[in-house]
Protein chains: 2
Amino acid sequence: MGGANQQERLSITEAKKWFLAGFIEGEGSLCVSIKEHPSARFGYYVDPEFFIYQHKSGIALLKMAQEIFGTGRIAPKPGNEEVLVFSIVSRRSLKEKVIPFFEKYMVFSTKREVFERFKEIVEAMEDRKEHLTPEGLVRIVEKAYAMNPASKGKERKHSLQEVIDRILRGRTPDTPMG
Amino acid sequence: MGGANQQERLSITEAKKWFLAGFIEGEGSLCVSIKEHPSARFGYYVDPEFFIYQHKSGIALLKMAQEIFGTGRIAPKPGNEEVLVFSIVSRRSLKEKVIPFFEKYMVFSTKREVFERFKEIVEAMEDRKEHLTPEGLVRIVEKAYAMNPASKGKERKHSLQEVIDRILRGRTPDTPMG
């Protein structure tokens, strides 16, 4: 790369970003977990996350992701030291780094619908703090449950109705659920 | 895309190729299987293959691969109809399409060593017909066994020594094994 001019260096970075996008298409996940917790205002935390699992032999790819996103953590997968996970969990980084990357480079993805829901959830939380009202939290939980149909991934621990009932427990919802 | 000029269309194709490369980094495999068969000249066939497994929901990506390589077959995975496999098995296509694609677009790959061995095997067979002598076949089998260390993938049915012994059975090798 010593003799590469600015033009060439830019296009190498672009190539790398498209390559990373394809890699994310295969190995990456956007996920919104709903965690029950007694200290959470309405009993549940909502955690949007972006992650990439990879056998440790492919650590260079996780480092490439870290370099391109300019953030994120690489750590062994709990319970399996052979596998590493790159993750971005900061809502701000999800909004400012992950979402714009997906907008631009995941145009060939077959998982655009999952991304669109993920984006709606992150923006609802980060821009509009919708999770701070029970009705807003319910809308977010509904979107999260719709992201990953149970048939294709891990089952959720609690049914959607169960979570909604707990969030709204003791309240009469003042907005429709739709 | 209606108004896109030639320049723009080219760069979209390039972006797609880099994206496909990253996808292949995660989901693709280069593999050389050694198949015992009574009709094979020295008891074994050597089959280099390129394939991509994918849940059927991602069929668009396999079609993208088929479009970019200009060849290859998409079929259900035997025993699991939910999964599709895109494969290129023609040695000529491997040499003329898959290898040049890997040379150009898999530069960020962490699996370059596997690719280099795969390329050596395809060229040994396609360019120099080395598999048509027992010594050449042994060299190819050795490279194939070295491609995927047993610790990381499926175990081979027969040990390397067993295969070599059968290929050379009844012969005194006239070249060293190295």
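These numbers were taken from a predicted model, which means no experiment stands behind them.

Quick look at helix α5 (residues 134-147) of chain A
The periodicity of an α-helix, 3.6 residues per turn, causes residues three or four places apart in sequence to face the same way.
Residues and elements named next belong to chain A.
Thinking step 1. With 14 residues, α5 extends 20 Å from end C-alpha to end C-alpha; this agrees with the ideal 20 Å at 1.5 Å per step.
Thinking step 2. Looking only at α5, the buried set comprises Pro-134, Leu-137, Val-138, Ile-140, Val-141, Ala-144, Tyr-145 and Met-147.
Thinking step 3. Those residues of α5 that are buried lie in contact with β1 (28-36), β2 (44-55), α4 (112-126) and α6 (160-168).

Examining the relation of the copies chain A and chain B
Thinking step 1. Here chain A sits on chain B after a turn of 180° about the axis and a move of 0.0 Å along it, with an RMSD of 0.0 Å. What we have between these two chains is a two-fold relation.
Thinking step 2. Most of the interface of chain A is mirrored in chain B: 100% of its interface residues are interface residues there too.

What about the packing of helix α3 (residues 91-105) of chain B against helix α4 (residues 112-126) of chain B?
All names here are of chain B.
Thinking step 1. Taken N-terminus to C-terminus, the directions of α3 and α4 make an angle of 150°; their axes are 10 Å apart at the nearest point. Crossing angle aside, the handedness with which α3 passes α4 is left-handed. Residue-level contacts link Arg-91, Arg-92, Leu-94, Lys-95, Ile-99 and Phe-102 of α3 to Phe-115, Lys-119, Val-122, Glu-123, Met-125 and Glu-126 of α4.
Thinking step 2. Taken together, the residues of the contact of α3 with α4 sort by class into 6 nonpolar, no polar and 6 charged.

Regarding the confidence of the model for chain A
Residues and elements named next belong to chain A.
Thinking step 1. Confidence in the prediction of chain A, expressed as mean pLDDT, is 88, and 86% of residues score 70 or more.
Thinking step 2. Taken element by element, the predicted model of chain A shows its lowest mean pLDDT in helix α1 (residues 6-27) (86) and its highest in helix α3 (residues 91-105) (98).
Thinking step 3. Among the scores for the predicted complex, ipTM is 0.85 and pTM is 0.86.

Thoughts on the environment of Met-125 of chain A
Thinking step 1. Relative to the elements of secondary structure, Met-125 of chain A occurs in helix α4.
Thinking step 2. Not counting residues up to four positions away in its chain, the partners in contact with Met-125 of chain A are Val-46, Arg-91, Glu-130, His-131 and Ile-140 of chain A.

Remarks on the interface of chain A and chain B
Thinking step 1. Tallying the contact residues gives 18 residues for chain A and 18 residues for chain B.
Thinking step 2. Elements represented by at least two residues in the side of chain A that touches chain B include exactly α1 and α2 (59-69) of chain A.
Thinking step 3. Within the side of chain A that touches chain B, the residues separate by chemical class into 10 nonpolar, 5 polar and 3 charged.

Brief notes about the environment of Ile-164 of chain A
Residues and elements named next belong to chain A.
Thinking step 1. Examined against the element boundaries, Ile-164 turns out to sit in helix α6.
Thinking step 2. Judged by the 19 C-beta atoms lying within 10 Å of it, Ile-164 falls in the partly exposed class.
Thinking step 3. The sequence separation of Ile-164 and Val-138 amounts to 26 residues, and the corresponding C-alpha distance is 5.9 Å.
Thinking step 4. Those residues in contact with Ile-164, other than ones at most four positions away along the chain, are Val-138 and Val-141.

Considerations on the packing of α5 of chain A against α6 of chain A
Residue and element names in this part refer to chain A.
Thinking step 1. For the pair α5 and α6, interaxial distance at closest approach is 10 Å and the crossing angle is 170°. With respect to each other, α5 and α6 are oriented roughly antiparallel. Considering only the axes of α5 and α6, their crossing is right-handed. Contacts between α5 and α6 involve Pro-134, Leu-137, Val-138, Val-141, Glu-142 and Tyr-145 on the former and, on the latter, Leu-160, Val-163, Ile-164, Ile-167 and Leu-168.
Thinking step 2. The residue inventory of the contact of α5 with α6, partitioned by class, reads 10 nonpolar, no polar and 1 charged.

Brief notes about the sheet that holds strand β1 (residues 28-36) of chain B
All names here are of chain B.
Thinking step 1. Spatial ordering of the open sheet is given by β1-β2-β4-β3, a layout of 4 strands whose pairing is antiparallel. Each end of this open sheet is capped by a strand with a single partner; those strands are β1 and β3 (73-77). On average, each strand axis in the sheet is inclined to that of its neighbour by 40°, with strand direction left out of account.
Thinking step 2. Examined bridge by bridge, β3 and strand β4 (residues 80-88) share 5 bridges and lie antiparallel to one another. If you follow Ala-75 over to β4, its bridge partner there is Val-85.
Thinking step 3. Along the sheet, helix α2 (residues 59-69) makes contact with β2 (44-55), β3 and β4, crossing β4 at roughly 15°.

The rules we used
- Residues numbered from 1 in each chain as written.
- Chains lettered and ligands numbered in written order.
- Predicted model: local features only at pLDDT ≥ 70, side-chain atom pairs only at ≥ 80, totals over all residues.
- Helix = DSSP H or I, 4+ residues; strand = E, 2+ residues; numbered from the N terminus.
- Expected span 1.5 Å × (residues − 1).
- Buried ≥ 20, exposed ≤ 12 C-beta atoms within 10 Å, placed from the backbone.
- Contact = placed C-beta atoms within 7 Å.
- Least-squares fit on C-alpha atoms with pLDDT ≥ 70 in both.
- Axes fitted to C-alpha atoms, helices over the stretch in contact; angles between N-to-C directions.
- Left-handed = near helix turned anticlockwise from the far one by under 90°.
- Nonpolar A, V, L, I, M, F, W, Y, C, P; charged D, E, K, R; others polar.
- pLDDT = per-residue confidence, 0-100.
- Parallel < 35°, antiparallel > 145°, perpendicular 65-115°, else oblique.
- Pairing = 2+ DSSP bridges.

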